[in-house]
Amino acid sequence: MASYEQSKSSKLWSVRFRIANGNEKKHMRLSGYRTKKEAQQGYLDFMSSYAPDEPVKNDRFLFYDLFEEYCLYAKSRMKESSYYDFTSKANLHILPYFKDFSVKEIKPLDVVHWQNGLTTQSYKYKCNLRGYLSSILKYAEMYHDIPNPVKKVEYIRNVEMPKEMHFWTEVEFKKFINEVDRIDHKSFFSFLYFTGCRRGEALALNWEDFDFANAKVRINKSITRKIEGKSWLVTTPKNASSIRTISLPANLLSLLEEYRKWQKQKYPDAIFVFGSYAPFAGTNIDRSFSEFCKKANVERIRIHDLRHSHASFLISKGISVVAIAKRLGHKNIEQTLNTYSHMMPDEDKKLIEYLENI
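These lines cover the structure that appears in this document, whether it is placed above or below.

Cut-offs applied
Residues numbered from 1 in each chain as written. Predicted model: local features only at pLDDT ≥ 70, side-chain atom pairs only at ≥ 80, totals over all residues. Heavy atoms only, no water. 1 Å grid on protein atoms, 1.4 Å probe; cavity = no way out; pocket = protein on both sides within 12 Å on 5 of 7 lines; lining within 4 Å. Points joined across faces, edges and corners; volume = space filled by probe spheres on them. Helix = DSSP H or I, 4+ residues; strand = E, 2+ residues; numbered from the N terminus. Nonpolar A, V, L, I, M, F, W, Y, C, P; charged D, E, K, R; others polar. Core = buried A, V, L, I, M, F, W, Y, C linked by side-chain atoms within 4.5 Å. Buried < 20%, exposed > 50% of the residue type's maximum accessible area, 1.4 Å probe, protein only. Contact = heavy atoms within 4.5 Å. Pairing = 2+ DSSP bridges.

Volume-wise, the largest pocket comes out at about 2000 Å³. Lining of the largest pocket is provided by 43 residues; of these, Lys124, Lys226, Lys238, Arg302 and His304 occupy positions nearest its centre. Top element by residues in the lining of the largest pocket is helix H6 (residues 123–144). It accounts for five residues. For the lining of the largest pocket, the residue count by class is 10 nonpolar, 17 polar and 16 charged. Taken as a whole, the second largest pocket encloses approximately 860 Å³ of empty space. What lines the second largest pocket is a set of 24 residues, among which Gln40, Leu44, Lys75, Tyr83 and Glu228 lie closest to the centre. For the lining of the second largest pocket, the secondary structure elements donating two or more residues are helix H1 (36–49), helix H2 (63–75) and helix H3 (80–93). Broken down by class, the residue content of the lining of the second largest pocket amounts to 11 nonpolar, six polar and seven charged.

Our focus in this paragraph is the nonpolar core. Of all hydrophobic cores here, the largest spans 43 residues; its most connected members are Phe176, Phe189, Phe191, Phe210, Phe274 and Leu306. Looking at this core, the elements that each hand over two or more residues are helix H7 (170–177), helix H8 (183–195), helix H9 (199–203), strand S5 (216–219), helix H10 (250–266) and helix H11 (282–296). With six residues, H8 is the single largest residue contributor to this core. With near-sequence residues (within four places) excluded, Phe191 lies in contact with Gly196, Cys197, Ala202, Leu205, Phe210, Val217, Leu248, Leu252, Leu256 and Phe274.

Only one face of S5 is covered, namely the face carrying Val217 and Ile219; the face carrying Lys216 and Arg218 is uncovered. Counting the residues in the hairpin turn of strand S4 (residues 210–211) and S5 gives four residues, including Ala215, whose phi is positive at 55°.

For Asp145, which is not glycine, the phi dihedral falls at a positive 55°. Of note in this structure, Ala215 is not a glycine but carries a positive phi near 55°. Inspection of the secondary structure puts Ala215 in the loop between S4 and S5.

Turning our attention to the side chain of Ser288. If you trace the backbone, Ser288 turns up in helix H11. Given a relative accessible area of 5%, Ser288 falls into the buried group. Each residue touching Ser288, except ones within four places of it in the same chain, is listed here: His185 and Phe189.

All we've got here are geometric facts, nothing functional implied.
Shown next as structure tokens:
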């Protein structure tokens, strides 16, 4: 991987890295950049135009060098938040184990031993790591003609007990929201509960996304905090199905109208609905949520669980799975069923009664 440093005397930035030079590795240093961002761009520009005399054919093509090469390849193909997630986890859990392996010498059993060593992470986290490793070695298969050993390794088994889903009933939400005496936070928490939106989707909203005349809001972006060198970034939603238009109930619209007037007086040039010139800070909103949970004497669930509470409420009222999936922005009905099927009433007895009356 490239490393960056700032000169104490000149305050200029430089970048050090290695490049393939035939069957050898050559150390390089680019310098004279005013900022780290310029140094990073200089490195990317150099690597995108650099072509070695011949591809690396040496059996000692190290995983470390493959990883560095793959990162350059992946950076232009991943969302910034996804790339940040990948590099953070890979540097922590993949690179330390495989960095000194010759790529051609990595065997399925090496992958098994690595998987078995992932003892403290959750099943989902370990599956993500396996997917990252497979993607790196798939790249080696595509561009260096080196077989991907992950293909021969069985998938990680899920031995975890199913986690209990936490959500509020309608009564619990009312107890909570009645205690919230800040109109900005009250509007935010209410919006999440009444729409089922993800936190990032709500934080990215501008007032232009609302159609008050037709009681709708358009969801087409999200806020991510998984980004190097920035506190937040507006990005695309989680997936294509997350782009949707949601109908809003009259009680929420009334609260939002009141909040918009309050915000206009306090922050005339506000950019974000839930925030001002920047979206609500995560620590601030989490602290507020905990405070009002305590005041209302209700279970301290996660803010994300307001989305589950919304789905639970709709299920309890008999709303179809198709409508719920569309409102939540799920990829398909199966995702909704997999997440919320345990909340749905057991209608087997009613089904038998119907069949017996035919």
